[in-house]
Amino acid sequence: MKIILLGAPGVGKGTAAGMLARKYGLPHLSTGDLFKEAIRAGTDFGKKIKGIVESGNLIPDTMVSHAVKERLTKPDMKRGYFIDGYPRTVEQAMVMDTFAKPDIVLNFSAGRDTIITRLSGRRVCSKCGAIYNMASNPPKTEGRCNSCGGTLVKRKDDDPAVIMNRLDVYEAQTKPLIQHYTRKGLLADIDSSFDISEMDKILEQCYKAIEKVK
Ligand SMILES: [Zn+2]
């Protein structure tokens with residue numbers, strides 16, 4: 001089973017992907033993690049994308065698709081996987097169709113107010129990168145990381161005005177992508193406008209959609 005998770009930033013698809021992967025015993029590939037890992041390991045690809053990311057630009061489609069293809073064609077991915085963060089554009093989806101045909105695309109959505117509340121409450125440890133949320137997952141001591149004691153900071157990306165802009169960009173970019181998968185009959189809508197404590201309500205919808213294609 002090859003399952004794609006789509007959804008705006010803050011919609012909870014990454015969290016859901018991790019839980020679904022454990023339930024179905026399949027690997028979870030997050031392209032964000034794939035890029036971070038490449039940068040950390042200092043591979044040729046990592047060096048290339050480091051400069052691009054640091055200058056605030058988007059990694060070109062061809063480079064993203066190349067890296068994802070390489071990862072998805074490794075033996076541990078043979079039985080299937082959950083992938084989030086790819087494809088982001090209809091161009092990437094068309095490239096993916098040439099090397100991997102998804103069985104279903106879970107399309108997560110939540111209202112803007114919900115997303116803004118979630119993301120603006122996010123704090124990141126400046127030392128180890130651990131992520132907290134003032135509403136759903138606050139640190140034990142205010143402003144301090146539970147595991148390393150580092151200072152928690154709010155990323156510029158998580159300011160409401162910046163979030164609004166990210167959501168606009170996301171919607172413009174993914175509209176054609178959603179049409180692409182709707183036409184193929186692969187899209188399943190997942191309502192993720194629940195509190196994080198009600199994760200099971202989100203997962204139930206995913207199970208139902210997955211059982212249909214299993
Ligand atoms: Zn920390």
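Since the model is a prediction, treat every value here as computed from it, not as a measurement.

A. Here's a closer look at the coordination of the zinc ion. Taken together, Cys125 (SG), Cys128 (SG), Cys145 (SG) and Cys148 (SG) make up the full set of protein donors to the zinc ion, lying 2.3 Å away. Metal-centred angles of 98 to 117 degrees between the four donor atoms at the zinc ion mark the site as tetrahedral. Counting gaps between the donor residues of the zinc ion yields the pattern C-x2-C-x16-C-x2-C. Separated by 20 residues along the polypeptide, Cys125 in strand S5 (residues 122–125) and Cys145 in the loop between strand S6 (131–133) and strand S7 (152–153) bring together distant segments of the chain. In this structure, Cys125 and Cys145 share a single accessibility class: buried.

B. Region of the structure containing unusual backbone geometry. The residue after Tyr86, namely Pro87, is reached through a cis peptide bond having omega -10 degrees. Mapping Pro87 onto the fold places it in the loop between strand S3 (81–84) and helix H5 (90–99).

C. View of the sheet that holds strand S8 (residues 187–191). If you walk across this open sheet you meet the five strands as S2-S3-S1-S4-S8, and the pairing is parallel. Two strands lie at the open edges of the sheet, namely strand S2 (28–30) and S8, each paired on one side alone. Sheet twist, expressed as the mean angle between neighbouring strand axes with direction ignored, is 25 degrees. Set on the sheet, helix H1 (residues 13–24) makes contact with strand S1 (2–7), S2, S3 and strand S4 (104–109); between it and S3 the angle comes to about 175 degrees.

D. The arrangement of the pairing of S3 in detail. Burial of S3 is two-sided: the residues Tyr81 and Ile83 facing one way and the residues Phe82 and Asp84 facing the other way are all buried. Looking at chain direction, S1 and S3 are connected through four bridges and run parallel. From the neighbouring strand, Lys2 faces S3, where its bridge partner is Tyr81. Bridge analysis of S2 against S3 gives three bridges, and the strand direction is parallel. Among the inter-strand pairings, Leu29 is bridged to a residue of S3, identified as Ile83.

E. Up close: helix H3 (residues 44–54). The complete set of buried residues in H3 reads Gly46, Ile49 and Ile52. Down the axis of H3, the buried set is contained in an arc of 130 degrees. They therefore lie on one face. Of the exposed residues in H3, the ones pointing more than 90 degrees away from its buried face are Asp44, Lys47, Lys48 and Glu54. Tucked into the core, H3 has its buried residues touching helix H2 (31–41) and helix H4 (61–72).

F. The arrangement of the packing of aromatic side chains in detail. Per the counting criterion, the structure on display carries three aromatic pairs. Arranged with centres 6.1 Å apart and planes meeting at 40 degrees, the rings of Tyr24 and Phe82 form a pair that is tilted. With Tyr24 in helix H1 and Phe82 in strand S3, the pair connects residues that are 58 residues apart, well separated along the chain. One exposure class covers both Tyr24 and Phe82, and it is buried. A ring pair is formed by Tyr24 and Tyr207, whose centres lie 6.3 Å apart and whose planes are at 70 degrees; its orientation type is edge-to-face. Taken as a pair, Tyr24 in helix H1 and Tyr207 in helix H8 (residues 199–213) lie far apart in primary sequence, 183 residues in all. By way of ring pairs, the aromatic residues Tyr24, Phe82 and Tyr207 are connected into one cluster. In this arrangement the basic side chain of Lys23 is found over the ring face of Tyr24, its NZ or CZ atom lying 5.8 Å from the centre.

Cut-offs applied
Residues numbered from 1 in each chain as written. Predicted model: local features only at pLDDT ≥ 70, side-chain atom pairs only at ≥ 80, totals over all residues. Heavy atoms only, no water. Donors = N, O, S within 2.8 Å, 3.2 Å for Na, K, Ca; no water. Tetrahedral: all angles 85-135°; square planar, octahedral: opposite > 155°, others 65-115°. Helix = DSSP H or I, 4+ residues; strand = E, 2+ residues; numbered from the N terminus. Buried < 20%, exposed > 50% of the residue type's maximum accessible area, 1.4 Å probe, protein only. Pairing = 2+ DSSP bridges. Axes fitted to C-alpha atoms, helices over the stretch in contact; angles between N-to-C directions. Contact = heavy atoms within 4.5 Å. Arc of directions from axis to C-beta. Phe/Tyr/Trp six-rings, centres within 6.5 Å; stacked < 30°, edge-to-face > 60°. Lys NZ or Arg CZ within 6 Å of the ring centre and 35° of its normal.

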